[in-house]
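Per-entry structural report
These are the residues of each chain, in order.
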Amino acid sequence: MKQGSDAGQLNMPQIVLDKVSYTYYEAEDVDTRKGEMPVPKAVHYALEGVDLTIQKGEFVAIVGRNGSGKSTMARLMNALLLPTEGTVIVEGISTMDDEQIWEIRSRVGMVFQNPDNQIVGSSVEEDVAFGLENLGLQRDEMLTRIHWATRTVGIDDRLQAEPHTLSGGQKQRVAIAGILAMKPECIVFDEATAMLDPVGRREVMQVVRKLNRENGITIVHITHHMDEVSLCDRAVLVDHGKILADCTPRELFTRPQLVREAGLETPPVTRLFEALREAGLNVPADIITPEEAISVLVDLLKQNHTQTKQIQNVEAREEQRRARRTRYVHREGPGSLQVEHLSYTYGPGSPFEKQAIEDVSISVGDGEFLGLIGHTGCGKSTLVQHLNGLLKGDQGSVSIGGSRMEGAHIKQMRKKVGLVFQYPEYQLFESTVAKDIAFGIRKEKLSEEEMRARVEEAAQTVGLSLDVLENSIYDLSGGQKRRAAIAGVLVMKPGILVLDEPAAGLDPAGRDDILRFCTKLQKEQGITVILVSHSMEDVARLCDRILVMHQGRSVMVGTPEEIFENEQYLTEIGLAVPQMTVLFHRLRETLPEIGVSGRIFTVEDGVDEILQLLGRGGDAL
Amino acid sequence: MTVSIGQYLPGNSVIHRADPRTKLALTVVYMVLVLLTRSFIGFGLVFLYLAGALIAARIRPKYIWNSMKPVLLIIVFTLVLNLFFYQGETVLYHWRFITIYLESLIFCARMCLRIIFLVVGVSIVTYTTTPVMLTDGIEALLSPLKILHFPVHEVAMMMSIALRFIPTFAEETDRIMKAQTARGSDFDSKHIMERIRSFVPILIPLFISAWRRAEELANAMNARCYRGGEGRSRFRVLRMTKIDGIIFGVTAILAAGVILIRVWGV
């Protein structure tokens, strides 16, 4: 089924989208029993008049916020969706051509977002074989390709493993191997990193880059993570179904205003340089990696610093910044929490026995904001489930507001600790948003008005418009569902709020919304907040103290300043420090003579430090 | 969280290595033979066969006992009922309205032995064959039905996908249960209606999730060029070996023995 001559194929673009629109209809409410036909109420454009040409061997990122149309674009590329208007041409074949649909799909492979929902086989090798079976290959050829593909993605040591025993990053690499074995010319990654932890994302991105650089495979990577975009050759910014920019990542990052308007954010170093330029410094705008930033800043500081003064003032500057933050002062109250020598083992006595947490102790004050960080599988989630009695430790105890969580009153105490699981939107089940939010207080003897007031209050806290309360939960967008689910926990008025990765899978704007009301709850209502997160940036910015867990043990507790001082140790246990901190640690090491502070986590603090080091307007900030 | 599927015990014995088609087909033969057996000499023969299989499969007695546990109640029930209500001629024991005959005792013993032999026999197969292999075996054995347009490949694909997703759904159920417990669901309430109602907040999200997963999986399979059984090759190939020949031979001897004993009425 070869199309055209080889010479013709060489110059042929991989994928061409020509004035492509994709629309869906919202049906009018009609009574179909009366035989009325649903009349389209509104036409929504998921994509509108998109022109895009992807050449062979390119490494293209398509970026945009949730719902911008980027995933629709991906699905058009291998005929999973067909355009409403315009044409999509894959290596000269139109996706509208029914006869060629399998040819297209064998040339353009696709890796999806959810690792669990794309693995068909019951072991790694069987899953990789699945696509090859569909192509009707001989068994010998399959074995050769399976070994080659699994070796390329680095999963060849787990050929017999069952999928559910793998980590998220490993599962995604299995999915990639399954596509790679089919020898496609192009692979589309449809938010394939969105559900992974930072380690998994790194693993996958390394493989993706290798496939492009070493195997010459055309890559279309769909994401909202800007740090991944900087690995690509070309960035296509999408919003409201239209292409806003199509340029190199570097050029894209020099247009921060545009990026922000599209609901995304540039990497911290780029933002640092943007702010420095705004403050009147003559620094380049196109800085996208910490390495570039370091070399520019080193030169700048060497030339300009007012040396003697600054060395003496490191502590003073740090103290000044610390004073600007509201500092938490420990107090006891209904929202205080004590965990003492807690241990828990899964499946004791069975072959799967696993000690999940071991001798963990932590005391959290009333109204404190605690961050909980650790590599996936370190016991964070297990610890969190003890906090409202979902699990009961083998040893040790948990106390809330001074009374122990045990025996008959666990159910009463559970209400004091609101626990928001990862992806909480999956637990919604009632017919309307309001009913679902009210689920947690249905047994309390409240009048209808009181109930309503509580629901509205919770909805307002999470920023959910009151207009949607009577809607079906399925009419909400992803971000709204997440907020409705959190409102369903807040409605119980817990004194302690525990959130497990509340921003997972959300774009930067969605993440900021959620974190904003968490902070607000702590600041204004004095609620104790415990935030489990993989984002060191968020934790450093928001938390009063941080608990670091590793292999079931609590290895460090302290303020962000104390914790992120230990860059090397954190890296060893699979964690990282915020990008700003890395940058300033390197600066401090490179320029020991200038006393650069290593205690910088946010872009704002970074700007302040640089300006003060240059003797410019520090005090005014 | 680790979930074990079925009751497969990992191992590499001759029985483990035998072809699933052999095991499934011979299970059917074995069941017929057990039901044909009447005399205790016959049962002795079946016992020898079974013991041989257990030793060859290297299954520890603990697991045989485990497989018996669920049917214990049925055995006791059959015993009691038949012992007291089966009518015979030779009275062994009589007390007021209870009469136990020799015939009823023999009948009961026969029933119990049959149940035990059936259960242990079937569990040898499930203990030594992975669910995936079982599915393959079933697909192969049912493949003649393709002539009748029975969707053998599709059914087998459905079974293997179902098996693959059991651990995923087990984890998900656990997570949703915990999330709803955190919102005040009470799964061990004393009121039965309350308890039934408490499962709605679990079943609905699970059901929705199953739909979502099904849709995404269908997309992923489509993207990997899946278009049903036609033109599809197979990665897992079933191969008969010498082991299968030996197992067939031994079973043939058993069959001959059981049938001869039955015919001669020993």
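Just so it is clear, the structure is predicted and the values come from calculations on it, not from any experiment. (Residues numbered from 1 in each chain as written. Chains lettered and ligands numbered in written order. Predicted model: local features only at pLDDT ≥ 70, side-chain atom pairs only at ≥ 80, totals over all residues. Heavy atoms only, no water.)

**What about the overall build of chain A?**
Applied cut-off: Helix and strand labels come from DSSP, where a helix needs a run of H or I of at least four residues and a strand needs a run of E of at least two; each type is numbered from the N terminus. Here the globule rule reads 2.2 Å times residues to the power 0.38, and the radius of gyration is calculated from C-alpha atoms. Whether two residues are in contact is decided by their heavy atoms: any pair within 4.5 Å suffices.
In terms of regular secondary structure, chain A is built from 24 helices and 20 strands. Against the compact-globule benchmark of 25 Å for 621 residues, chain A has a radius of gyration of 27 Å, which places it among compact chains. Dimensions of chain A, computed from C-alpha atoms along their principal axes, come out at roughly 75 × 75 × 55 Å. Taking contacts inside chain A between residues at least 6 apart in sequence as the whole, the part at least 24 apart equals 67%.

**Side note on the confidence of the model for chain B**
Residues and elements named next belong to chain B. Put simply, the test is: Per-residue confidence from the prediction method is given by pLDDT, with values spanning 0 to 100.
Residue-level pLDDT values for chain B average 88, and 97% of them are 70 or greater. Of all the helices and strands in chain B, strand β1 (residues 91–95) carries the lowest mean pLDDT, 78, while helix α2 (residues 20–36) carries the highest, 95. Counting contacts from residues 1–5, a segment whose pLDDT is below 50, to residues more than four positions away or on other chains yields twelve contacts.

**Quick look at a nonpolar patch on the surface**
Residue and element names in this part refer to chain B. What counts, and what does not: A patch consists of residues exposed above 30% relative accessible area that lack any salt bridge, with like charges linked at up to 9 Å and nonpolar side chains (Val, Leu, Ile, Met, Phe, Trp, Tyr) linked at up to 5 Å. A 1.4 Å probe and the Shrake-Rupley method give the accessible areas. Residues count as covered only by the protein chains that appear here. One side-chain nitrogen of Lys or Arg within 4 Å of one carboxyl oxygen of Asp or Glu is enough to make a salt bridge.
Residues F40, L92, Y93, W95, L102, L105 and I106 make up a contiguous nonpolar surface patch of about 670 Å² in total accessible area. Secondary-structure elements contributing two or more residues to the nonpolar patch are β1 and α5 (102–128). Its place among the elements puts L92 in strand β1.

**Regarding the domain arrangement of chain A**
The line we're drawing: Domain extents, as shown, originate in an automatic or database domain assignment.
One can read the domain layout of chain A as domain 1 (6–261), domain 2 (268–326 + 579–613) and domain 3 (432–488). Using only C-alpha atoms to locate each centre, domain 1 of chain A and domain 3 of chain A end up separated by 36 Å.

**A few points about the packing of aromatic side chains**
One pair of aromatic rings is described through two measures. These are the centre distance and the angle between the planes. All names here are of chain B. Short version of the rule: Aromatic pairing here means that ring centres of Phe, Tyr or Trp (its six-membered ring) are within 6.5 Å. Orientation follows from the plane angle: under 30 degrees is stacked, over 60 is edge-to-face, and everything else is tilted. Burial classes follow relative accessibility: with a 1.4 Å probe on protein chains only, a residue under 20% of its type's maximum area counts as buried, one over 50% as exposed, and anything between as partly exposed.
Applying the stated criterion to the full structure yields eleven aromatic pairs over all chains. Between F165 and F169, the aromatic rings sit 6.3 Å apart at their centres with planes inclined by 50°, giving tilted as the arrangement. One end of the pair, F165, and the other, F169, are both in helix α7 (residues 152–182), four residues apart, so they sit about a helical turn from each other. Classification of F169 as partly exposed rests on a relative accessible area of 23%. Taking the centre distance of 6.3 Å and the plane angle of 80° together, the rings of F207 and W211 count as edge-to-face. Of this pair, F207 and W211 both sit in helix α9 (residues 200–223), four residues apart, which is roughly one turn of that helix. Grouping residues by exposure puts F207 and W211 together as exposed. Three or more aromatic residues joined by ring pairs form one cluster here, namely F40, F43 and F117.

**Section: the layout of surface pockets**
This is how it is decided: Cavities and pockets were defined on a 1 Å grid built over protein atoms only: a cavity is a set of grid points that admits a 1.4 Å probe from which the probe cannot escape, a pocket is an open set flanked by protein on both sides within 12 Å along at least five of seven lines, and lining residues are those with an atom within 4 Å of any such point. Grid points are joined across faces, edges and corners, and a volume is the space filled by probe spheres set on the points. Residue polarity is assigned by list, with Asp, Glu, Lys and Arg as charged and Ala, Val, Leu, Ile, Met, Phe, Trp, Tyr, Cys and Pro as nonpolar; anything else, Gly included, falls into the polar class.
By volume, the second largest pocket amounts to about 1,800 Å³. In terms of lining residues, the second largest pocket is bounded by 47 residues, among which A:G67, A:Q113, A:S477, A:G478 and A:K481 are the most central. Elements with a minimum of two residues in the lining of the second largest pocket: β1 (15–27), β2 (40–54), α2 (70–76) and α18 (478–490) of chain A together with α9 of chain B. It is α9(B) that contributes the most residues to the lining of the second largest pocket, seven residues altogether. Residue composition of the lining of the second largest pocket, by class: 17 nonpolar, 17 polar and 13 charged.

**Some remarks on helix α6 (residues 131–142) of chain B**
Structural remark: α-helix, 3.6 residues per turn; residues separated by three or four positions point the same way. Quick note on the threshold: Multiply 1.5 Å by the residue count of a helix minus one, and that product is the helix's expected span.
Relative to the 16 Å expected for twelve residues at 1.5 Å per residue, α6(B) spans 16 Å between its end C-alpha atoms, a close match to the ideal helical length. Residues B:V132, B:L134, B:T135, B:D136, B:G137 and B:E139 constitute the buried set of α6(B). The inward-facing, buried residues of α6(B) contact α4 (124–134) of chain A together with α2, α5 and α7 of chain B.

**As for the interface of chain B and chain A**
By convention, interface size is frequently given as the accessible area that disappears when the constituent parts associate. Short version of the rule: Simply put, the buried area is the total loss of 1.4 Å probe accessible area from both parts when two parts are fitted together.
Listed by partner, the interface residues are 48 residues for chain B and 59 residues for chain A. Between chain B and chain A lies a buried interface of about 5,000 Å² when both sides are counted; carbon and sulfur atoms form 57% of it. For the chain B face of the interface with chain A, the top three residues by lost area are B:R183, B:R224 and B:F235, together amounting to 22%. At the boundary of chain B and chain A, one finds four salt bridges. With a closest N to O distance of 2.8 Å, B:R232 and A:E133 form a salt bridge. Counting only elements with at least two residues in the side of chain B that touches chain A, the list comes to α7 and α9 of chain B. Of the residues contributing to the side of chain B that touches chain A, the split by class is 21 nonpolar, eleven polar and 16 charged.

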